[in-house]
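Working through the structure, step by step
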Amino acid sequence: MSIEVTELDPRTDADEWNRYVERSDGTNPFCRAEALRLQAADTGSVLHLLAGFKGQEAVGLFPVFEYSKGPITGVFSPAPFSWSCYLGPSLLNVDKLKQRKADRRTKRFLEGCFETIEQEISPLYSRFVAAEFDDVRPFMWNEYDVDPGYTYVVDLERTEDELLNRFSSDARNNVRNADEDAYVIEEGDNDDVEHIVEQVTKRYENQGRSFQLNPQFARDVHEELPDGSIRPYVCRVDGEFVGGILVVESETTRYRWQGGVKPDTDVDLPINDLLDWHVMRDGLRDGLEKYDLVGAGVPSINRYKAKFNPRLETHYEITSGTFGLNHVIDRYRKLR
């Protein structure tokens, strides 16, 4: 039986789409219909929810965003100008298949998506970021360019002491020697979501760099996604906000989405070490498997992330088209 790719409606079919998202191992809360709609609205793009079916059985999901600038149209996942977590394609019901059948199903699903994208959008440029999706061969077979990207992942396993003992000596000492009466780390509210984004924006501006994440978008996904999907971890000293990390949480993984920048404060505390430790410790207590530090491609930041003794994981940036909208987007980012 062949695989048929159809487009679901982001509003009327949202519950159906979210059921498939919840059953796929390769998704995160940003794959849910409500988060995808917010991304489209925030970036001025058109959302297409592509779903593959073998008969009545869902076999794959691929949310893509259509964006046009003048005569040039592109397709993206995640959305253009978006600072959301990984999107790209994801699969369902492949774990028990033998390798040959899994390969064939993946190939047919993606080729159905390519055909639908070409017929419905006909983009001159495409860009997808795929994580927890290892078989990118169908993209290469269809003349996409595939480049590896990297992230650090901490496995949340064994006991809290064993997890902490895997850290570098300075990270361990920072956590153990911090005066617990001098600070409070807790999960904050929607206002704290905005405080974290504003702190990151200020840090980027001080470095002469642009940062396009809309604070209202971050607030909206925190409000609209199911409870616990977005967790604003904050550190307070004398009741005042001094730092925070926005954590995205899937069924198995916590993602260090935004925050954790060098705080603009004279407080003598290792704020980010303490924040990251609480995020990991709480994730371990809740039975989660991993803490994705979201990125291992910036040498100046890697030194900090590496002290938690993470392992390196690969994701993929997949592009097609060599001139046009990619240059428009580069200029847009620089202007922003």
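Residues numbered from 1 in each chain as written. Predicted model: local features only at pLDDT ≥ 70, side-chain atom pairs only at ≥ 80, totals over all residues. Heavy atoms only, no water.

1. What about the overall build of the chain?
A count of helices and strands for the chain gives 11 helices and 13 strands. Rg of the C-alpha trace for the chain: 21 Å, near the compact-globule value of 20 Å for 336 residues, within the 12% margin. Counting only C-alpha atoms, the chain reaches 60 × 45 × 35 Å along its principal axes. Per-residue burial for the chain yields a buried fraction of 55% across its 336 residues. Long-range pairs, those at least 24 residues apart, make up 73% of the contacts in the chain between residues at least 6 apart in sequence. When the accessible area of the chain is evaluated, it comes to approximately 16,400 Å², of which 42% is carbon and sulfur surface. Computing the positive centroid from 41 side-chain charges and the negative centroid from 61, the chain places the two 6 Å apart. (Helix = DSSP H or I, 4+ residues; strand = E, 2+ residues; numbered from the N terminus. Rg over C-alpha atoms; globule rule 2.2 N^0.38 Å. Buried < 20%, exposed > 50% of the residue type's maximum accessible area, 1.4 Å probe, protein only. Contact = heavy atoms within 4.5 Å. Areas by Shrake-Rupley, 256 points an atom, 1.4 Å probe, with all protein chains shown as cover. Lys, Arg positive; Asp, Glu negative; His and termini not counted. Charge placed at Lys NZ, Arg CZ, Asp CG, Glu CD.)

2. Topic: the pattern of salt bridges
Applying the stated criterion to the full structure yields 24 salt bridges. Taking the shortest distance from any N to any O, the salt bridge between D135 and R137 comes out at 2.7 Å. Relative accessible area serves as the criterion here: at 16%, D135 is assigned to the buried category. A salt bridge links E313 to R311; its shortest N-O distance comes to 2.6 Å. Overall, the relative accessible area of 32% leaves R311 in the partly exposed class. A single network of salt bridges, built from pairs that share partners, joins E187, R231, E249, R254 and D286. (Salt bridge = Lys/Arg side-chain N within 4 Å of Asp/Glu carboxyl O.)

3. Remarks on the environment of G295
Along the polypeptide, G295 turns up in the loop between β12 (290–292) and α10 (299–306). Through-space distance from the C-alpha of G295 to that of T314 is 9.8 Å; in sequence the pair is 19 residues apart. Not counting residues within four places of it along the chain, the set of residues in contact with G295 comprises Y150, T151, Y152, N302 and K305.

4. Here's the deal with helix α7 (residues 190–206)
If you check α7, its first and last C-alpha atoms are 25 Å apart, about what 17 residues at 1.5 Å a residue would give, namely 24 Å. Taken residue by residue, α7 has N190, D192, V193, I196, V197, Q199, V200, T201 and Y204 as its buried positions. In this structure, the buried residues of α7 make contact with α8 (215–224), β9 (230–237), β10 (240–249) and β11 (253–259). Of the residues that open α7, the one with a side-chain oxygen 3.1 Å from the backbone nitrogen of D191 is D189. Two residues or fewer past α7, G208 is found with a positive phi of approximately 70 degrees. (Expected span 1.5 Å × (residues − 1). Polar contact = N/O pair within 3.5 Å; in protein donor to acceptor, adjacent residues only side chain to side chain.)

5. Some remarks on a positive patch on the surface
There is a patch of like positive charges on the surface, built from K54, K98, R100, K101, R104 and R108. Broken down by element, the residue count for the positive patch peaks at 4 residues, all from helix α3 (residues 99–120). Inspection of the secondary structure assignment puts R108 in helix α3. We classify R108 as partly exposed; its relative accessible area is 42%. (Patch = residues over 30% accessible without salt bridge, like charges linked within 9 Å, V, L, I, M, F, W, Y side chains within 5 Å.)

6. Considerations on a negative patch on the surface
Taken together, the side chains of D25, D95, E132, D134, E251 and E289 present a region of like negative charge at the surface. As for its position among the elements, D134 is in the loop between β6 (125–130) and α4 (137–141). Residue class for D134 comes out exposed when judged on its relative accessible area of 66%.

7. Some details on the confidence of the model for the chain
Summary statistics for the chain give a mean pLDDT of 91 and a share of 95% for residues scoring 70 or more. Across residues 331–336 the pLDDT falls below 50, and counting only partners more than four positions away or on other chains, this stretch makes 6 contacts in the model. (pLDDT = per-residue confidence, 0-100.)

8. So, the packing of α7 against α8
One way to put it is that α7 packs onto α8 with a least axis distance of 9 Å and a crossing angle of 145 degrees. Crossing handedness for the pair α7 and α8: right-handed. Residues N190, D191, V193, E194 and V197 of α7 lie in contact with α8, whose contacting residues are P215, A218, R219, H222 and E223. (Axes fitted to C-alpha atoms, helices over the stretch in contact; angles between N-to-C directions. Left-handed = near helix turned anticlockwise from the far one by under 90°.)

9. Topic: the layout of surface pockets
A volume near 480 Å³ is recorded for the second largest pocket. Along the walls of the second largest pocket sit 18 residues, with D25, L91, V94, D95 and E132 positioned nearest its centre. When residues in the lining of the second largest pocket are grouped by element, the largest group, 4 residues, is from α3. Partitioned by chemical class, the residues of the lining of the second largest pocket number 6 nonpolar, 5 polar and 7 charged. (1 Å grid on protein atoms, 1.4 Å probe; cavity = no way out; pocket = protein on both sides within 12 Å on 5 of 7 lines; lining within 4 Å. Points joined across faces, edges and corners; volume = space filled by probe spheres on them. Nonpolar A, V, L, I, M, F, W, Y, C, P; charged D, E, K, R; others polar.)

10. Looking at the packing of aromatic side chains
On inspection of all chains with the given rule, the structure shows 18 aromatic pairs. Between F30 and W257, the aromatic rings sit 4.9 Å apart at their centres with planes inclined by 65 degrees, giving edge-to-face as the arrangement. Of this pair, F30 sits in the loop between α1 (14–23) and α2 (33–43) while W257 sits in strand β11, and the two are 227 residues apart along the sequence. Like W257, F30 is buried. Ring plane angle 50 degrees and centroid distance 6.1 Å describe the contact between F128 and F139, whose orientation is recorded as tilted. On the criterion of sequence distance, the pair formed by F128 in strand β6 and F139 in helix α4 is long-range, its members being 11 residues apart. Classification of F128 by relative accessible area gives buried; the value is 0%. Over the ring of Y204 we find R209; its NZ or CZ atom is 4.3 Å from the centre of that ring. (Phe/Tyr/Trp six-rings, centres within 6.5 Å; stacked < 30°, edge-to-face > 60°. Lys NZ or Arg CZ within 6 Å of the ring centre and 35° of its normal.)

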